[in-house]
Amino acid sequence: MTATAPTTAPAQGTEEIQDAGHVDVLIVGAGVSGIGAAYHLRDQFPDRTFVILDTQDDRGGTWWTHRYPGVRSDSDLFTYGYRFKPWRGPSIAAGEEILAYLDEVIDEYGLDQYIRYQHRVTSASWSTEDRRWTVEVTRGDTGQRLRFTTGFLWMCQGYYNHAKPYRPEWNGTDRFQGLVVHPQRWPEDLDLSGQRVVVIGSGATAATLIPAIAGEAQHVTMLQRSPTYFFAPPTTHELAAMLAPLDLPEEWTHEIMRRQYVTQYDWLARMSFEAPDELHAFLIESMRPLLPEGFDIGKHLTPRYRPWQQRLAVVPDGDLFAALREGKASIVTDTIETFTEHGIRVSSGEEIPADVVVTATGFNMSVLGDVAFTVDGEPVDFTKRVTWRGIMINGLPNMAYVFGYFRHSWTLRVDLVCDLVGRLLASMQDKGATMVVPTLRPEDEDMPLRPFADPENFNAGYVMRSQHILFKQGDREPWIHMLEHEQEREILPKADLDDGTLVYR
Ligand SMILES: Cc1cc2nc3c(=O)[nH]c(=O)nc-3n(C[C@H](O)[C@H](O)[C@H](O)COP(=O)(O)OP(=O)(O)OC[C@H]3O[C@@H](n4cnc5c(N)ncnc54)[C@H](O)[C@@H]3O)c2cc1C
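Numbers given to residues run from 1 along each chain, matching the order in which its sequence is written. With the structure being a predicted model, the display of local features is reserved for residues of pLDDT at least 70 and the display and counting of side-chain atom pairs for 80 or more, all residues being used for whole-chain, interface and lining totals. To obtain the side-chain values, all non-hydrogen atoms of the structure were used and water was disregarded.

Visitor: Can you walk me through the packing of helix α11 (residues 410–431) against helix α13 (residues 485–494) in this structure?
Guide: Any two packed helices are characterised by the angle at which their axes cross and by the distance between the axes. The axes are straight lines fitted to the C-alpha atoms, using for helices just the contacting stretch, and the angles between their N-to-C directions are given from 0 to 180°. For helices the rule is a DSSP run of H or I covering at least 4 residues; for strands it is a run of E covering at least 2, with both sets numbered from the N terminus onward. The geometry of α11 relative to α13 is characterised by a closest axis approach of 9 Å and an angle of 15 degrees between their N-to-C directions. Relative to α13, the element α11 lies roughly parallel. Along this stretch, α11 crosses α13, giving a crossing that reads as left-handed. Between α11, through L412, R413, L416, L420 and R423, and α13, the contact on the second element is made entirely by H485, E488, R489, L492, P493 and K494. Considering only residue class, the contact of α11 with α13 consists of five nonpolar, one polar and five charged. Should an angle fall under 35 degrees it is called roughly parallel, over 145 degrees roughly antiparallel, and 65 to 115 degrees roughly perpendicular, with every other angle called oblique. Should the near helix be turned counterclockwise from the far one by less than a right angle, the crossing is left-handed, whereas a clockwise turn marks it as right-handed. Throughout, a contact is declared for two residues whenever any of their heavy atoms are within 4.5 Å. Residues are sorted three ways: Asp, Glu, Lys and Arg are charged, Ala, Val, Leu, Ile, Met, Phe, Trp, Tyr, Cys and Pro are nonpolar, and all the rest, Gly among them, are polar.

Visitor: When you look at helix α1 (residues 32–44) in this model, what are you seeing that I'm missing?
Guide: What a helix should span is 1.5 Å times the count of its residues minus one. With 13 residues, α1 should reach 18 Å at 1.5 Å per residue; the first-to-last C-alpha distance of 18 Å fits that figure. Type-normalised accessible area, obtained with a 1.4 Å probe on protein chains alone, sets the label of each residue: buried when under 20%, exposed when over 50%, and partly exposed for intermediate values. A large share of α1 lies buried, amounting to ten of its 13 residues. Looking only at α1, the buried set comprises V32, S33, G34, I35, G36, A37, A38, Y39, H40 and L41.

Visitor: I tried to follow helix α5 (residues 204–214) on my own but got confused; where do I start?
Guide: Because each turn of an α-helix spans 3.6 residues, side chains separated by three or four positions in sequence point in the same direction. Burial analysis of α5 places eight of its eleven residues in the buried class, which makes it a mostly covered element. For α5, the set of buried residues is A206, A207, T208, L209, I210, P211, I213 and A214. Check the buried side of α5 and you find it contacts β8 (196–200), β9 (219–224), β10 (230–231), α10 (319–325), β12 (329–333) and β16 (356–359).

Visitor: Is there a simple way to think about the sheet that holds strand β15 (residues 351–353) in this case?
Guide: Backbone hydrogen bonds hold the strands of a sheet together, and the pairing may be parallel or antiparallel. Overall, antiparallel pairing links the three strands, which are arranged β13-β14-β15 in an open sheet. Looking at strand neighbours, the two that pair on one side only are β13 (336–340) and β15, the edges of this open sheet. The sheet shows a mean angle of 25 degrees between the axes of neighbouring strands, taken without regard to direction. Note on pairing: DSSP must find at least two bridges between two strands before they are called paired.

Visitor: I keep staring at the pairing of strand β4 (residues 119–127) and nothing clicks. Help me out?
Guide: Remark: a regular strand shows side chains that alternate across the two faces of the sheet. Pairing of β4 with strand β5 (residues 132–139), which is carried by eight bridges, proceeds in the antiparallel orientation. Bridge pairing in β5 links S123 to E136. Connecting the antiparallel pair β4 and β5 is a turn made up of four residues, with R131 showing a positive phi of about 55 degrees. Bridge analysis of β4 against strand β17 (residues 372–375) gives four bridges, and the strand direction is parallel. Its bridge partner being in β17, W126 is matched across the sheet by V375.

Visitor: Where do I start with the pairing of β8 in this structure?
Guide: Taking burial as the measure, the five residues of β8 include four buried ones, the bulk of the element. A crossover connection joins β8 to the parallel β9 through α5; in handedness this β-α-β unit is right-handed. Direction of pairing for β8 relative to β16: parallel, over a ladder of four bridges. Along β16, the bridge assignment pairs V197 with V356. With its strands directed away from the observer, a crossover is right-handed exactly when the path from the first strand over the helix to the second travels clockwise.

Visitor: Would you take a moment to explain empty space enclosed by the protein for this structure?
Guide: The gaps left among the atoms become clear once a water-sized probe is rolled over them. Each cavity reported here is a set of points on a 1 Å grid over the protein atoms alone in which a 1.4 Å probe fits but cannot get out, each pocket an open set with protein on both sides within 12 Å along at least five of seven lines, and each lining residue one with an atom within 4 Å of a point. Grid points are joined across faces, edges and corners, and a volume is the space filled by probe spheres set on the points. As enumerated under the stated definition, the model contains six cavities of 30 Å³ or more in all. Roughly 150 Å³ of volume is contained in the largest cavity. Lining the largest cavity we find 16 residues, and of these G404, Y405, F406, M482 and L483 sit closest to its centre. Considering only residue class, the lining of the largest cavity consists of nine nonpolar, three polar and four charged. Computed from the structure, the second largest cavity encloses a volume of approximately 100 Å³.

Written as structure tokens, this is what we have:
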């Protein structure tokens, strides 16, 4: 067995598929999830061979794709960072600080040697006879096609298409004489000095971009159809400031701050279900003192959904509101009627002048990296499949995926899922099994299938737009997902891997 798949010298443009070797585990994606998965795999199974494939030309996934000014986390980095790697900076971090953190993980655990960039996985075919996946890959740099085989496929591909951002169709875009950019593809040399910028969107991207460019641009208008909830915590938590002079080991500070933030977000998540009106009032009132006098908070900053039915947008130290107070930015809440030569006309008839329009309009979701899956020659139609604990899919052998939390940091779930996958691999080893497949028990066969996301629970636009292509969930454990971290940190470590829903062979 090869230590990692060999990097074959590609022949430019060849159509032939080249054999790239066999690995015990093949990880798709070198973002926060894939790097976490690789760490845990090496830690628990140092003898297993593996490789990480990623379409992009560098690590970081989301943080490599999104390099627009001001890009930063919403989450605190004590919980967005891994359990095993202390975070040393302020709670909220810039995209490049997150990349630097991931680089440290890659360096410290020697993961670089396992990553193959510019390797886009196009198909994955399971053979029960051979007990392996055959994974086909196209290289972005050479066009060369490669074939890997693996005993276990670990999909860490994130939830959206990195190459094709979501941009609604608007009237008149062809006559607009300015520049239109999407934050997912920010031009490195874009100079906004003296420009009138309109940012379409109201979510986290708009909220982080606007304060970052407000000083440079002549004026920035946030044009939103409807408002988002904002939350304005300090960049550095007061507890972190208290701990700083105590000279504690960094592992202690990391753990204390993690517990602090987990507790805080447990409270927020619980409030959103149990006392949504109180949470709504808390969020709205906490913004009021930070806004300019006479600001129409009802119109521009009062969402129409329950708090946390979509992600909260964090504005550390209220920097978005400072831009509003200083008159460098403003908000228009209206629908777009048409682009004009020199701006955007909204339904009220107002024309907002623009030299640059930024479409912070979100994502197109992908189902498991848009990989074409087959099992024993049968194409997999994900819309007819059910999740097993948000980690595996019924009928897909030896395949796990990582999907993080919406209301807590994504990475809290990465560590939990990796622990469970580790237990699963150990369980297979103990049983001498070469195959494990989530299977509906007789009592689950008639279970009602529910959409990927219950709109009552979470109804962000990108999820609602994609429900028709996503897999389903059932009405009982283990066929449900999107539980809160507060529940899952109890459930997942104890999850019974011999409850009859996992069939080992
Ligand atoms: C601007 C921004 C800020 C965010 N901030 C937060 C935050 O503060 N807190 C939070 O919890 N979440 C946040 N999120 C959500 C964020 O996506 C996750 O936190 C996390 O980064 C996802 O990591 P991942 O590794 O699972 O996926 P990704 O970061 O999406 O990385 C997946 C990688 O897999 C690769 N890939 C996909 N398909 C294939 C394929 N077929 N073949 C090969 N490679 C493939 C992609 O190229 C990509 O590099 C944010 C998202 C954005 C866009």
